[in-house]
Structure formats: structure tokens, C-alpha cells
Amino acid sequence: MIFNFSSSKTLVALAVASSVMLAGCSATANTASTNNVLEKNKVEAVVSTPADVGSKKITLKQAMADPDWIGNQPQNAFWAADSATIIYSQKQQGSTLRDLFSQSVTSQTAEQIALNKLHTLGARNAVYSNDKALQAYVFKGNVFVKNIKTNTLRQITHSTANESNPQFLNDGTLAYRQGNIFFKVDLVTGLTQEIANLKLADKPKGISEPSSYIAKEQHKLIEYIALEHKNKKDQHARNAQINELNSSVANTSYYLGKDNKVDNVELSPNGDALLVVVKKQSSWRSDTDIMPHYVTDDATIAPKKVRRRIADAKEETSQVIYINLNDKTQNTLAFDSLPGFDEDVLASVKQENYARLGKTYESKNSPRAINLITNWGLGQSPIVWNNDGSQVAIMLEAWDNKDRWIATVDFENNKLVSQHRLHDDAWIAYAFNNFGWLNNENTLYYLSEESGYSQLYKKPLNGNAIALTQGEFEVSNPTVTSDDSAIYYKANVEHPGLYEIFRVDPQTAKSEKITDLNGMTDYTLSPDEERLLLVHSKVTMPSELYIADAKANATPTRLTNTVSSTFLSKKLTAPKIVAVPSSHTDTPIYAKVYYPADYVEGEGGKTRKAVIFNHGAGYLQNSHMGWSVYFREFMFHSLLADEGYVVMDMDYRASKGYGRDWRTAIYRQMGTPETQDLADGVKWMAENANVDTQAVGTYGGSYGGFMTFMALFTAPELFQSGAALRPVTDWAHYNTAYTGNILNHPDVDPIAYERSSPIYFAEGLNKPLLINAPMVDDNVFFQDSVRLVQRLIELEKENFETAIFPVEPHGFVQPSSWLDEYRRIYKLFKDTL
């Protein structure tokens, strides 16, 4: 069957045809004529079902065992400087240690790198000279430079200090950073020169004159005091003259203020300027933010330090400072030139919260706290200079999470110039914040969700923005070629769960499809820009490495084959990706469905029991066509399917991959849209998989544990039982960076926290509940579960059980803990469904 995924209407039509199962999209579509908007997503795809794996039934113990048995997948792969070799790590069997390997792109075998050669390999974030002749990188805190043509290596630093951020300057020298000190090295003479020393202190005032009455009299009456004062002044003046007139002396100190910290700093490519962002030094926790660790090597109780809760977070703002290293001046760049810098963007929220207290809120404009964009996997600095050093761009966001700005600097007038403002009444996305400069013109490129989906734009400094991609799909990971002929990117054009690599011409906005691997594909462009290193996986197969030419319709070559024969022999159910019609949106809810081995479409008579799994993180996509981070759950779901269960894994609203509206549906109401989506999932299974609605359970961890609570507490008729693993029970106790986006801050918007926190709805529990709580979880604190249990006790609830895991963090480590946890989940469903 052939379907067209061109628009929301098409997706709705597809959802209504609810018997259609989308899985393992094998694209046969039009890849050569993808022009500008990739024909507005009108890519036809033959929808096929991936084959189940193996024949030997998997056991729960095997599924929860150390994943070494699955294979030895390549990790952290990157290009060597020669563009012909790949470096990657592999985990040692039965150990946490990893070894590094080198593999030629023309070979199927890899060579393990000896420990005494590790410094010769380069690095994922290595940098290159303008002529691409030299590569620089850091190994164990020391800087190295490799001549690519001769393959000779030169060690630039050899110290116990931690050098970082190597950078080739336009004059051919190499700069690097040591703490808050910047150096540059003449690679011909070897001279190392300090170019800037950022001091977190107030500027010294020199020799001060006596100010009090008695001090002044002391200088009049005591000749010795007056002489000593004169000598100090003379010496201070002489030192200043030497610093100014003698070029052999480093005169590079810049004072950024007492009690400040450097949040970020970037040196210009000419080595003549710095853009620095500082904020007030503050602790990430208070003395009472501790977590007791009961199982320790010396049998004592260890008070582990943990982060503060959002309820204790205080608003903070930054300063942007431009330092001219030529004339030694530094100027603070105010935020008042940014559009909306003083808007009361939370006025309606404050009015609602005031009204509940019988008060009236009067809105007024005042400067907002503004900081650098939060680096959630951004993979780059939020400060980017252009190649010739004539301009710099900085990405900023408001503390209230409602605005993101890209600004440049008017150096003559010492002010920020807004190039792009992205406002969202809910919150700015954690992802899709990549930006930078084209290499040969003063034009910015950036990702923005302003259309409702992350798309790629370019903007000349004094011109209007131009969309380079358009459509109802998500663009990420842009990479610009050195000649600006193409920007490579990753996108889910053909299906929300199918990710391939594309490239667009920045001049014509014409896009071309590069890969057609049908799964989850990531990429890295080679240093010579001739090839792509691909990391590709499928729904039933872990990631492997591939190489492809960097051109349209490339044919990739597989480099690694690391999945074990034991894993391949296991009977694992390949889930179907279905489009579940939504009762609350115009677009469907995509979900993985694991069908029992004996299931026949349209079967009658026998009804099925079912389980819905709730993925964690909230903003995460799991119903995609690649290997999931929930690989243990994949095997557990296969086991359940083998025993007759139907298992569903939904990308409920808030999940990644489906655009801005899907992401922000949970704003100020976490748990409500997701539970509505779960209800639609149960309905779909009843109508399309013969599931008995009175025999459905649910479970999940972290955000998925939170969802389990909200479903059982607020929609108790929906599930017969549930298991909440490492669950959030009260969002006021979670962290600031995540929660502040979705629920604002509790001092401003307590309504959102009470509306979204399971602990406020615990009286609704009337079905069996299992709470699995790790005790050394520094993400979702054990205290979350403790407080809810106490509330359930006080409510006299009898249908819940709690299992504690004394040595486990948020992500379990010990196979015995995984096994214990999933035995309990398995038993819960066996006993209650």
C-alpha cells in the first residue's frame, strides 16, 4: 500500500484508517526532485512490516542482563584528520572500561589503539586551520597539532593544568584557553603569548590617598608615613609605564567583577577581541540539599550532595561584556535593545494566580532576566564569531523561557543588535537552537520553530530571513560546507519516526535526499567534506557505522557488524508503528504496537489483555524506526507479546518529533493531555486489536512513572493496575532547567504545579499500584516516593506496594536490580489483568 504523508489532513486520514500499520518505512520515493520544501513533504513511501527476530524465546533474566550480551556496538565515532579513517570506542566485556579502535573506510576490520598512542588520534571536536593543513585538539588536558599531509604530531602543552578550546587564528597562530586565561602560540617560533587574563575581581584602585581625618593628619605629622606613601605611588606609576611601553611584558588582565563567574567566552578569529558572558557566582545547592547513601564501602551513611529544587531557585541574569584586546577597553552590552526585553509575558498567568487569592494583578513592563541559551545537547557554543572576525552572534533566552534572541554586536556604539526573536507563549524548545554563520558571507543560519516545526533559515545581517526548508517535519543538526554550497541536516520528512540525511543549497533553497536507510540515521561530515560517517539503527537492530559519499542518493557502505549471534537468535517481536486517532487534536498519536505471535488481524472471539508503556523524559520520541534507548523494555514487551499480551508504546503529546504544538500541549497542565492520549490508545486497541478494556495495565519510569500516577489517580477507570518507576510525584521538587519551561516557577504559577503534580490527586487511587524507587537517584529524588507513600498511608489506601533499590541511581546499573524491578512489574500484570 502507498500513502502520502504530505500534511496534517493526510495524517488524519491515515489515522482514521486505523487498521493501517506503519512500520519500517521502505521509501521508494522521489528523492531526485526534492526541491526547496522537499515537495512540501509529498514523498510516497511503501509501508512494510519489519520481520521478527530469531526463534529462541527470551527470558526475563536474559532481557535484564548486562547488555554486553547484545553485542559490542561502536560508540562515540568520529573522523580522523585524514578523512579516510574512523575512530570509535567499544566497551570491554564485563567491564566499564572502553577501548579505542581505528578503522579505514575501505576495511571491514578495526585495529585497537595502544594506550601509549591514544594522544595521536585526534578528537571529535578537533579544529582545523583555514587551509585545512593542520588539525588541533586536546588530549587529557594538553594541546596537540597534527600536520595532516605529513601525519606528524606536535605537542604544544605538557602540564598538569587543563588546557582547552584550541583555535587556529587568522594569522596562523594557535590559541587555547587555560581556565580564564587565553594564550596563543606561534607555531614557527614556538613563542607562547598570554593574550587575555580574565580576573573575577574588581579592578585594583591603585594607591589611594588618605581619606579620614586622622589618616590625613598622620601623613602630615609623620614624615616616614608620607615618604612610604610617595614611594608606593612612584613604584605603581613606574610599573604602569613598563606595562604600557615594554612589549615583552604581558599586560593582559581584564577585571570582570568580584563574586562573578564566567558563563561562556569566545575569542575572535583574529585574536583581537573577546565576547564574555558573566553571571553572579551562586551555589547550585544549599547545605540541606543532600541525599543519604546507605550502602557504602565503609558501612557508614554518606550524605551525597544534590541539586536544589525548582521551588528554591532564584531568578538570575547575565552580563555580556565586549573586550577589545587592541585598545584594552571593555564594555557591557545592555539587553534593552532586544525586542520584548521588558515585556510582562506572564501577565495572564499572574492574573489567574492572583485571582485565586482574591487579588488583582496590575501588569507593568520591567527588564527581564536574560541569559545564554541553555545548552541541551546544542553541540556548539552559544557565542559564534564569523570567519573574518568582523562580527559575532550570541543566542540568549529569557529566564521565563518565553523568548530566544539571536543578536550581533554594534561595536561602534557598544550595543546588541537583534537579528531574530523567537517568542513562544509556552516555552522555547530545549532542542533546535543550532545557529552560526555561513563561511564566506555575513549571513546567519539558524533553526527556528516559528512555523510550528523546526526549520532551517538564513538571514543576512541587514536583510530579511529566508526559509531554506519548509514542511511538517523537524530539521536538526545542520552542518555548513566550507564553500557554503550546502548545509547538511537530519530530518523526518517522510514519516515522523523515519530519520534520514539531506542537504540544501543555501542560495537556491533546493534540498536533496542523501540517505535512504529506513530507520534512525545520524551523520558527521568528513574533514575534506567528501564523505559522511553514518550511525544507523533499525527498530530491532542496534546502531552500526556506515560510510556514504556526501552526495544525493548516496549508497552507504556498512563498516561494522557487532550484534551478537545470541541476540539474533532470540525471539523478539518487531513492533508495528500505528497512527492512533486522537480525540483532542487534528493529528494522530503515533505508537508502537507489539502483537502476540498468534494474533490474526480482525480476529474474533478471544479477547486480549494489554499493557501501555509510557516512555520517560517527556520530550523524547520512542515510536521511531530506530533502536530505542529502551532496549530492555523492547525485549520485555516482546516477552509479553509472546505470552499473549498486546503492548502499546505511545508518543503521547509532549513527545519529540511532532512539532511545536505537540511539544507544548502540556504547558501548565502536565499529565492531562498525556492521559487523554492513553485513553485513545486503550480505545484503539479495543477496536483494532481485540483488547478487553477491563484488562489493561500501564507502567513507565521517570516521566513515565509520573504518567502512571496521573492515569491511575485522575482516570482510575482506564487501567486495572500500574507500575511507577523512579517517578516524579511533585514537580516543585524537580529541577529548574526542565520544569521551569513547562510549569513556569512555583512562586509565580502555583496553580500549574498543583494541576500537574500527582501528590495532589492521590485520593483517586483505587487500582493496584507498584512504586519502584531507587534510593540514590539524584535526578528524581527518593524523597518524591517517600512523600507520596506517606500521603497514601494518610489517605488509608490499601492497594499499593513500594519496592526500594538501595544502590541504584536514576538509570539502574546492576542487572540484579533490573531483574527484580521487572519481575515485580511482570507479576503485577499477571495478578491483576
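The preceding data block contains the structure.
Definitions and cut-offs
Residue positions are given per chain, counted from 1 along the sequence in the order it is written. Only residues with pLDDT of 70 or above have their local features reported here, since the model is predicted, and side-chain atom pairs are shown and tallied only from 80 upward, although totals for entire chains, interfaces and linings are computed over all residues. Values reported for side chains reflect all heavy atoms of the structure, with hydrogen atoms and water molecules removed beforehand. Labels follow the DSSP assignment, with helices taken as runs of H or I lasting at least four residues and strands as runs of E lasting at least two, numbered in each case from the N terminus. Two residues qualify as a contact provided that any one of their heavy atoms is within 4.5 Å of a heavy atom in the partner residue. A 1.4 Å probe rolled over the protein chains alone gives each residue an accessible area, and that area as a share of the maximum for its type sets the label: buried under 20%, exposed over 50%, partly exposed in between. Expected helix span is computed as 1.5 Å times (number of residues minus one). Criterion for a salt bridge: a side-chain nitrogen of Lys or Arg within 4 Å of a carboxyl oxygen of Asp or Glu. Note: two strands are recorded as paired if DSSP finds a minimum of 2 bridges between them. The term nonpolar core refers to a set of buried residues drawn from Ala, Val, Leu, Ile, Met, Phe, Trp, Tyr and Cys, joined through side-chain atoms within 4.5 Å. Exposure above 30% relative accessible area and the lack of any salt bridge qualify a residue for a patch; like charges then connect within 9 Å, and the nonpolar side chains Val, Leu, Ile, Met, Phe, Trp and Tyr within 5 Å. Computed by Shrake-Rupley with a 1.4 Å probe, the accessible areas treat only the displayed protein chains as cover when residues are assessed. Residues counted as positive are Lys and Arg, residues counted as negative are Asp and Glu, and His and the chain ends are not counted. Positions of charges follow a simple convention, taking NZ of Lys, CZ of Arg, CG of Asp or CD of Glu. Working definition: a ring pair exists when centres of Phe, Tyr or Trp rings (six-membered ring for Trp) sit within 6.5 Å. Plane angles under 30 degrees give stacked, over 60 give edge-to-face, the rest tilted. A positively charged side chain is recorded as over a ring if its NZ (Lys) or CZ (Arg) lies within 6 Å of the ring centre. The angle to the ring normal must also be within 35 degrees. Each axis is a line fitted through C-alpha atoms, taken for helices only over the stretch in contact, and angles between the N-to-C directions span 0 to 180 degrees. With the far helix as reference, a near helix turned anticlockwise by less than a right angle produces a left-handed crossing, and one turned clockwise produces a right-handed crossing. The classification used treats Ala, Val, Leu, Ile, Met, Phe, Trp, Tyr, Cys and Pro as nonpolar, Asp, Glu, Lys and Arg as charged, and all other residues, Gly among them, as polar. Any angle from 65 to 115 degrees is called roughly perpendicular, while one under 35 is roughly parallel, one over 145 is roughly antiparallel, and all others are oblique. Distance and chemistry together define a polar contact, namely a pair of N or O atoms within 3.5 Å, with one atom able to donate a hydrogen and the other to accept it when in protein, and with adjacent residues in sequence counting only for side-chain atoms on both sides.

On to the environment of glycine 271, then. Along the chain, glycine 271 turns up in the loop between β19 (260-267) and β20 (273-280). Through-space distance from the C-alpha of glycine 271 to that of phenylalanine 183 is 9.6 Å; in sequence the pair is 88 residues apart. Look past the residues within four positions of glycine 271 in its chain and what remains in contact with it is Leu169 and Leu325.

Now for the side chain of serine 102. Within the secondary structure, serine 102 is located in strand β8 (residues 98-104). Residue serine 102 is classed as buried on the basis of its relative accessible area of 17%. Contact partners of serine 102, with chain neighbours within four places excluded, come to Thr85, Ile86, Ile87, Ala110, Glu111 and Ile113.

Let us now look at helix α9 (residues 672-688). Residue pairs three or four apart in sequence face the same way in an α-helix, which turns once every 3.6 residues. Across its 17 residues, α9 extends 24 Å between first and last C-alpha, which sits within 8% of the 24 Å expected from 1.5 Å per residue. For α9, the set of buried residues is Pro673, Glu674, Thr675, Asp677, Leu678, Asp680, Gly681, Val682, Trp684, Met685 and Asn688. Looking one or two places after α9, you find asparagine 690, whose phi comes out positive at around 60°.

Counting across every chain of the model gives 36 salt bridges. Between glutamate 217 and lysine 220 there is a salt bridge, with the nearest N and O atoms lying 3.3 Å from each other. One end of the pair is glutamate 217 and the other is lysine 220, both in helix α3 (residues 213-221) and 3 residues apart, which spans about a single turn. A residue is classified by how much of its surface remains accessible, and glutamate 217, at 21% relative accessible area, is partly exposed. Residue lysine 350 pairs with aspartate 344 through a salt bridge whose shortest N-O separation is 3.4 Å. A relative accessible area of 14% means that aspartate 344 is categorised as buried. The network of salt bridges with shared partners includes Glu343, Arg368, Asp400, Asp403 and Arg421.

Pairing within the open sheet is antiparallel, and its 4 strands lie in the order β30-β31-β32-β33. For this open sheet the edge positions go to β30 (435-437) and β33 (466-467), each flanked by a neighbour on one side alone. For strand β32 (residues 455-460) and β33, the ladder comprises 2 bridges, and the chain directions are antiparallel. Residue pairing across strands places tyrosine 457 opposite alanine 467, the latter belonging to β33.

On to the nonpolar core, then. Met648, Met670, Met685, Tyr703, Phe719, Trp731 and Leu769 are the most contacted members of the largest nonpolar core, which has 87 residues in total. When residues in this core are grouped by element, the largest group, 8 residues, is from helix α10 (residues 703-714). Apart from the residues within four sequence positions on either side, leucine 769 is in contact with Phe709, Leu712, Phe713, Gly722, Ala724, Leu792, Asn799, Phe800 and Glu801. By size, the runner-up hydrophobic cluster in this structure holds 38 residues, among which are Leu60, Tyr594, Phe634 and Met635.

This part covers a negative patch on the surface. Taken together, the side chains of Asp82, Asp528, Glu530 and Asp549 define an acidic patch exposed on the protein surface. Within the element layout of this structure, aspartate 82 appears in the loop between β6 (75-79) and β7 (85-91). On the accessibility criterion, aspartate 82 (44% relative accessible area) is partly exposed.

Turning our eyes to something else, we now look at the environment of proline 506. With respect to the helices and strands, the residue proline 506 is situated in the loop between β36 (498-504) and β37 (511-513). Since its relative accessible area comes to 1%, proline 506 is described here as buried. Filtering out sequence-adjacent residues up to four positions away, proline 506 remains in contact with Leu438, Lys458, Leu468, Asp484, Ser485, Ala486 and Ile487.

Under the counting rule described, the total for this entry stands at 37 aromatic pairs. Aromatic side chains tryptophan 627 and phenylalanine 634 sit 5.7 Å apart centroid to centroid with 80° between the ring planes, which places their arrangement in the edge-to-face category. Note on accessibility: tryptophan 627 and phenylalanine 634 belong to one class, buried. Here the aromatic cluster, defined as three or more aromatic residues joined through ring pairs, consists of Trp427, Tyr430, Tyr619, Tyr652, Tyr703, Phe706, Trp731, Tyr734 and Tyr738. The ring centre of tryptophan 284 lies 5.8 Å from the NZ or CZ of arginine 285, which sits over that ring. One cation-aromatic arrangement involves arginine 726 over phenylalanine 812; the distance from NZ or CZ to the ring centre is 5.3 Å.

If you walk across this open sheet you meet the 4 strands as β38-β39-β40-β41, and the pairing is antiparallel. Each having just a single partner strand, β38 (520-525) and β41 (557-558) make up the two edges of the open sheet. Sheet topology places β38 next to strand β39 (residues 531-538); 6 bridges connect them, and they run antiparallel. Paired with leucine 525 across the strands is leucine 532, a residue of β39.

The subject of this paragraph is unusual backbone geometry. Although it is not a glycine, asparagine 518 sits at a positive phi angle of roughly 60°. Given a relative accessible area of 15%, asparagine 518 falls into the buried group. Notably, asparagine 690 is not glycine yet its phi reads approximately 60°, a positive angle. As for its position among the elements, asparagine 690 is in the loop between α9 and β47 (691-701). Given the relative accessible area of 18%, asparagine 690 is considered buried.

In terms of burial, strand β49 (residues 769-774) is a largely internal element, 6 of the 6 residues being buried. Residue alternation in β49 divides its side chains into two sets, Leu769, Ile771 and Ala773 and Leu770, Asn772 and Pro774, and both sets are buried. Where strand β48 (residues 721-725) lies against β49, 4 bridges are found, and the strand directions are parallel. From the neighbouring strand, glycine 722 faces β49, where its bridge partner is leucine 769. Here 6 bridges tie β49 to strand β50 (residues 800-805), and the two strands are oriented parallel to one another. When the sheet's bridge partners are listed, leucine 770 is paired in β50 with glutamate 801.

Bringing the packing of helix α7 (residues 631-642) against helix α14 (residues 815-832) into the picture now. Taken N-terminus to C-terminus, the directions of α7 and α14 make an angle of 35°; their axes are 12 Å apart at the nearest point. Of the two elements, α7 crosses α14, and the hand of that crossing is right-handed. Residue-level inspection shows Arg632, Glu633, Phe636, Leu639 and Leu640 of α7 in contact with α14, the latter providing Trp818, Tyr822, Ile825 and Tyr826. Along the lines of polarity and charge, the residues of the contact of α7 with α14 split into 7 nonpolar, no polar and 2 charged.

Attention now goes to the packing of α3 against helix α4 (residues 223-245). As a packed pair, α3 and α4 sit with axes 5 Å apart at the nearest point and diverge in direction by 100°. Considering the angle they form, α3 stands roughly perpendicular to α4. Facing Gln218, His219 and Leu221 of α3, the residues of α4 in contact are Glu223, Ile225, Ala226 and His229. Counted by class, the contact of α3 with α4 contains 3 nonpolar, 3 polar and 1 charged residues.

Relative to the assigned elements, arginine 503 resides in strand β36. Polar contacts involving the side chain of arginine 503 include one to the main-chain carbonyl oxygen of alanine 550, which spans 2.9 Å. For arginine 503, the contacting residues outside a window of four places in its chain are Ala486, Ile487, Tyr488, Tyr489, Lys510, Ser511, Glu512, Ile514, Ala550, Lys551 and Ala552.

Read these as layout, nothing more, since geometry by itself doesn't imply function.
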